[in-house]
Amino acid sequence: MKSKMEISFISIAIFFTLILFMAVGSLFILPSFQGFIDAIQSEEMVEAFKLTIYTAAISSVLVMLVAIPTAYSLSRYSFPLKTLIKSILDLPMAFPEIVLGLALLMLFGNNLLGGFLEKFGIQIVFTVTGVIVAQFFVAFPFAVRILYSTFNYIDTRYEFVSRSLGYSEFETFRSVTLPLSKDGIFASGVVTIARCIGTFVAVLFLGGGTFMKTETLPITLYLNLSFGNVDMAISAGIVLVIIAFVAIVVLEKYGKEKAL
Amino acid sequence: MISLFLDIKDLNVDLKDFHLQNINLQVKEGAYHVLIGPTGSGKSVLLETIAGFYKPYQGQIMLEGKDITPLNPEDRGISIVYQDYVLFPHMNVFENISYGLKKKNKSDKSFLESRVYEMAEKLKIDHLLKRDTRTLSGGEMQRTAIARSLIVEPKLLLMDEPFSAVDVNTHAYLTTLIKNVIEEYQTTCIHVTHNFNDVYNLAEQVAVMKDGKILQQGTLHDVFSRPSDDFVANFVGVHNVFKGQIVGHDKSLLKIRINHDIIIHSSDVFEQHSSDKTDVMVAIRPESIIFSNEPFISSVRNQLKGVVKNLFEVGHTVWIEVQVGGVTFRGVLTPNSCESLGIERGKEIYLSFKSLNVNLMEYHDDAYRSI
């Protein structure tokens, strides 16, 4: 027989999951099927989808390339200001994305780094590059956090043994540490892709949210909702949900295969 | 000629919350050296420092006459085996064993396969080569770990409690098997253990560590029969460690008074640092004490009469505590001997031990407090 606590806790879990499911499900109910088909075939939606995938692919790869050495150095090495660096990296996860978007706009605007980069012909603000930079900085702290926990979890004695058998530090990292971190790297990759695809405020601030130019799917949703074009807005939402769902299914499937 | 193979000189390591202090350790070529000491004494840190995982801030590690202190672990030719195997979980048994060899002989696949098979056969794991390491038993995992370390023919093999995670039968089997393989490869070995059977069965040289320092090193006989201080004496199971006072000489023997009323004789050569200080620590191994119901007629110089205070069985032995004046002596007998002597609590009994078995150590206040 189930205890009172067990029944209460399971009820809470089911009730709030159900509300969340209904909220997500309502997206699929509201637009007409024809409205949805028309919306996803519209030029704006196709362009937004292509730009979202393109920018998210680049920013995700960049995030992983930078996050892996960053997380490994935080996990394994001692160096000055390590605690401060860790705190700074955690900061964007704690404060609202709008603050991060504003901060990035200040940095890459004309006054600070933006002016300097412009001398070399690199324009960040209100460009596709700006979209990628925004996605990068939103996803980077999350990726580092997951990878840092992953590397911490790996017993350093695997690396000790490898080195005692003749492998250099980098060879050991490549042939022992990275394969042992596979699950964490994969999880971090999925979260990074999801964050990059779903980022809205920072992308709006740095990319400018220009119609058909720097318009990613979250911005399509926002712009169309502002104009009262509900079918387009909801269809953009559905496409984002489908992308997230595919990412989660892939993660679940991969996780199960690993467990077996 | 037996040469000095590993020579550690005044090694100091700072790990913030733990320090290795002034470590001096000498290991001869081909020797089986055993490191013992309580948990947290720094045995594992010392092994990992020798392997190059921790950098000393002072001191030198000389291997075959060459200073390897500044070298990276991969350039030292030293392999390490851990208690919990540390087999790479993303590789099968074959891949684990061949890992180090693959680095050395990248191109020669047939050589690699034949060497792995040969090593696996010696360690009786040749039927497991395709197995996932997570499906192996403790003994099989440890044999795989040792094969992985030995196949690269290290100059020095370090083993950190390699048999402590396996059951008693596997332990006995592994000890013999691995000793034979190490002897065959003539590998110099440093083995950390808490198990005194390992020490008796394997050690040619023994070092005792405490609080990041080596307290004593020498042959098995030296350390177990002539401990350098009270801690080593207690740790290696001497059990009878008393404060005494040299009160004179009897021919070539020293006369020592324990607890005001007991006089014993020792043939130990004891160097007093100061002639006016006569305090010493006395150590007598329990196995050296002979029990009898009547005075023992022999050349044994030490004979005392006492009362059995306590007796308790430990495995296949019986430990006996006998009160002599204000001092408790501890001895050990087989259950049969105990029964034939009719030993029971409160019975009067004679204790005899040779002057040769009375080991003298320098007295210091800390020693007395620790007893």
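Being a predicted model, the structure only gives us computed values, none of them experimental. (Residues numbered from 1 in each chain as written. Chains lettered and ligands numbered in written order. Predicted model: local features only at pLDDT ≥ 70, side-chain atom pairs only at ≥ 80, totals over all residues. Heavy atoms only, no water.)

*Asks:* Explain the overall build of chain B here, please?
*Replies:* Looking only at helices and strands, chain B has 10 helices and 20 strands in total. A principal-axis box enclosing the C-alpha atoms of chain B has dimensions of 75 × 45 × 40 Å. Here chain B, with 371 residues, has 52% of them falling under the buried criterion. Of all intrachain contacts in chain B linking residues separated by at least 6 positions in sequence, the fraction that spans at least 24 positions is 66%. Carbon and sulfur atoms provide 48% of the accessible area of chain B, an area that totals close to 17,500 Å². (Helix = DSSP H or I, 4+ residues; strand = E, 2+ residues; numbered from the N terminus. Buried < 20%, exposed > 50% of the residue type's maximum accessible area, 1.4 Å probe, protein only. Contact = heavy atoms within 4.5 Å. Areas by Shrake-Rupley, 256 points an atom, 1.4 Å probe, with all protein chains shown as cover.)

*Asks:* Is there a simple way to think about empty space enclosed by the protein in this case?
*Replies:* Taking a probe equal in size to a water molecule and rolling it over the atoms shows the remaining empty space. All names here are of chain A. Overall, the coordinates contain one cavity of 30 Å³ or more when judged by the stated rule. Taken together, L74, K86, L89, D90, P141, V144, R145 and Y148 form the lining of the largest cavity. For the lining of the largest cavity, the elements supplying multiple residues, two or more each, are helix 4 (82-94) and helix 7 (128-153). Element by element, the count of residues in the lining of the largest cavity is highest for helix 7, at four residues. Tallied by class, the residues present in the lining of the largest cavity amount to five nonpolar, no polar and three charged. (1 Å grid on protein atoms, 1.4 Å probe; cavity = no way out; pocket = protein on both sides within 12 Å on 5 of 7 lines; lining within 4 Å. Points joined across faces, edges and corners; volume = space filled by probe spheres on them. Nonpolar A, V, L, I, M, F, W, Y, C, P; charged D, E, K, R; others polar.)

*Asks:* Is there a simple way to think about the nonpolar core in this case?
*Replies:* Here is a general trend for soluble globular proteins: nonpolar side chains tend to be buried in one another's company. Core analysis: the largest hydrophobic core is formed by 124 residues, its most contacted members being B:L6, B:L46 and B:I190. Sorting elements by how many residues they give to this core places helix 3 (residues 43-76) of chain A first, with 10 residues. Residue assignment places this core across two domains, with domain 1 (4-225) and domain 2 (230-370) of chain B each supplying three or more. With near-sequence residues (within four places) excluded, B:L46 lies in contact with B:I8, B:L11, B:L20, B:I23, B:L25, B:L35, B:M209 and B:I214. The next biggest cluster of nonpolar side chains, apart from the first, holds 29 residues, and it includes B:I264, B:I289, B:L341 and B:L351. (Core = buried A, V, L, I, M, F, W, Y, C linked by side-chain atoms within 4.5 Å. Domains from an automatic or database assignment.)

*Asks:* Before we go on, may I ask you to explain the interface of chain B and chain A in this structure?
*Replies:* Accessible area lost when the parts come together is the quantity often used to give the size of an interface. Every contact between the two is made by 24 residues of chain B and, on the other side, 17 residues of chain A. Summed over both partners, the interface of chain B with chain A buries about 1,900 Å², with 63% contributed by carbon and sulfur atoms. Sorting the residues of chain B by area buried against chain A places B:E74, B:Y99 and B:K103 first, and these three jointly supply 32% of that buried surface. The interface formed by chain B and chain A contains three salt bridges. Across the pair A:R157 and B:D84 runs a salt bridge, and its minimum N-O distance is 2.6 Å. Here chain B and chain A share seven residue pairs in polar contact (both at pLDDT 80 or more) between them. Broken down by secondary-structure element, the contributors of at least two residues to the side of chain B that touches chain A are strand 6 (78-81), helix 2 (93-104) and helix 4 (138-150) of chain B. The biggest single contributor to the side of chain B that touches chain A is helix 2 of chain B, with four residues. Its residues placed into classes, the side of chain B that touches chain A shows 13 nonpolar, five polar and six charged. (Buried area = accessible area lost by both parts, 1.4 Å probe. Salt bridge = Lys/Arg side-chain N within 4 Å of Asp/Glu carboxyl O. Polar contact = N/O pair within 3.5 Å; in protein donor to acceptor, adjacent residues only side chain to side chain.)

*Asks:* Explanation requested: the domain arrangement of chain B in the structure shown.
*Replies:* Residues and elements named next belong to chain B. Per the domain assignment, the segments of chain B are domain 1 (4-225) and domain 2 (230-370). Opposite the 13 residues of domain 1 that make contact, domain 2 presents seven residues. It is F196, F224 and S225 that lose the most area in domain 1 upon contact with domain 2, and together they represent 41% of the buried surface on that side. Taken together, domain 1 and domain 2 are joined by zero salt bridges. Applying the counting rule to domain 1 against domain 2 returns one residue pair in polar contact (both at pLDDT 80 or more). Counting only elements with at least two residues in the side of domain 1 that touches domain 2, the list comes to helix 6 (196-202), strand 9 (205-210), strand 10 (213-219) and helix 7 (220-225). Here the side of domain 1 that touches domain 2 is built from residues that sort into nine nonpolar, three polar and one charged.

*Asks:* What is the right way to read the packing of helix 3 (residues 109-122) of chain B against helix 5 (residues 168-185) of chain B from this model?
*Replies:* Residue and element names in this part refer to chain B. Where helix 3 contacts helix 5, the two axes come as close as 10 Å, and the packing angle between them is 135 degrees. Classified by the interaxial angle, the pair formed by helix 3 and helix 5 is oblique. The residues of helix 5 that touch helix 3, namely those facing R115, E118, M119 and K122, are L177, V181, E184 and Y185. In the contact of helix 3 with helix 5, the residues fall into four nonpolar, no polar and four charged. (Axes fitted to C-alpha atoms, helices over the stretch in contact; angles between N-to-C directions. Parallel < 35°, antiparallel > 145°, perpendicular 65-115°, else oblique.)

*Asks:* Explain the environment of B:K102 here, please?
*Replies:* Locating B:K102 in the fold gives a position in helix 2. Considered as a pair, B:K102 and B:E294 are 192 residues apart in the sequence and their alpha carbons are 69 Å apart. For B:K102, the contacting residues outside a window of four places in its chain are A:Y167 and B:L112.

*Asks:* Looking at this structure, how should I read the pattern of salt bridges?
*Replies:* Side chains that differ in sign of charge can pair as their charged atoms come close. A complete count under the given rule lists 19 salt bridges over all chains for this structure. Across the pair A:E171 and B:K103 runs a salt bridge, and its minimum N-O distance is 2.7 Å. With one member in each of two chains, A:E171 in helix 9 (residues 169-180) and B:K103 in helix 2 form a pair that bridges those chains. Between B:E287 and B:R285 there is a salt bridge, with its nearest N and O atoms 2.8 Å apart. Overall, the relative accessible area of 48% leaves B:E287 in the partly exposed class.

*Asks:* Help me understand the packing of aromatic side chains, please; the structure alone is not making it clear to me.
*Replies:* Centre distance and the angle of the planes are the two values used to describe a pair of aromatic rings. Evaluation of the coordinates by the stated rule reveals 22 aromatic pairs over all chains. Linked through ring pairs, A:Y72, A:Y77, A:F151, A:F170 and A:F173 together constitute an aromatic cluster. Across from the ring centre of B:Y82, 4.7 Å away, lies the NZ or CZ of A:R157, which sits over that ring. The ring of B:F231 carries the charged tip of B:K210 above its face, separated from the ring centre by 4.7 Å. (Phe/Tyr/Trp six-rings, centres within 6.5 Å; stacked < 30°, edge-to-face > 60°. Lys NZ or Arg CZ within 6 Å of the ring centre and 35° of its normal.)

*Asks:* Help me understand the sheet that holds strand 1 (residues 4-14) of chain B in this model?
*Replies:* Whenever strands of a sheet pair, they do so through backbone hydrogen bonds, lying parallel or antiparallel. All names here are of chain B. Strands sit in the order 2-1-4-5 across an open sheet of four strands; the sheet is antiparallel. Among the strands making up the open sheet, the edge pair consists of strand 2 (19-28) and strand 5 (66-67). When strand 1 meets strand 4 (residues 58-63), the two strands line up antiparallel, connected through five bridges. Looking at strand 4, one finds that I8 is bridged to I61. (Pairing = 2+ DSSP bridges.)

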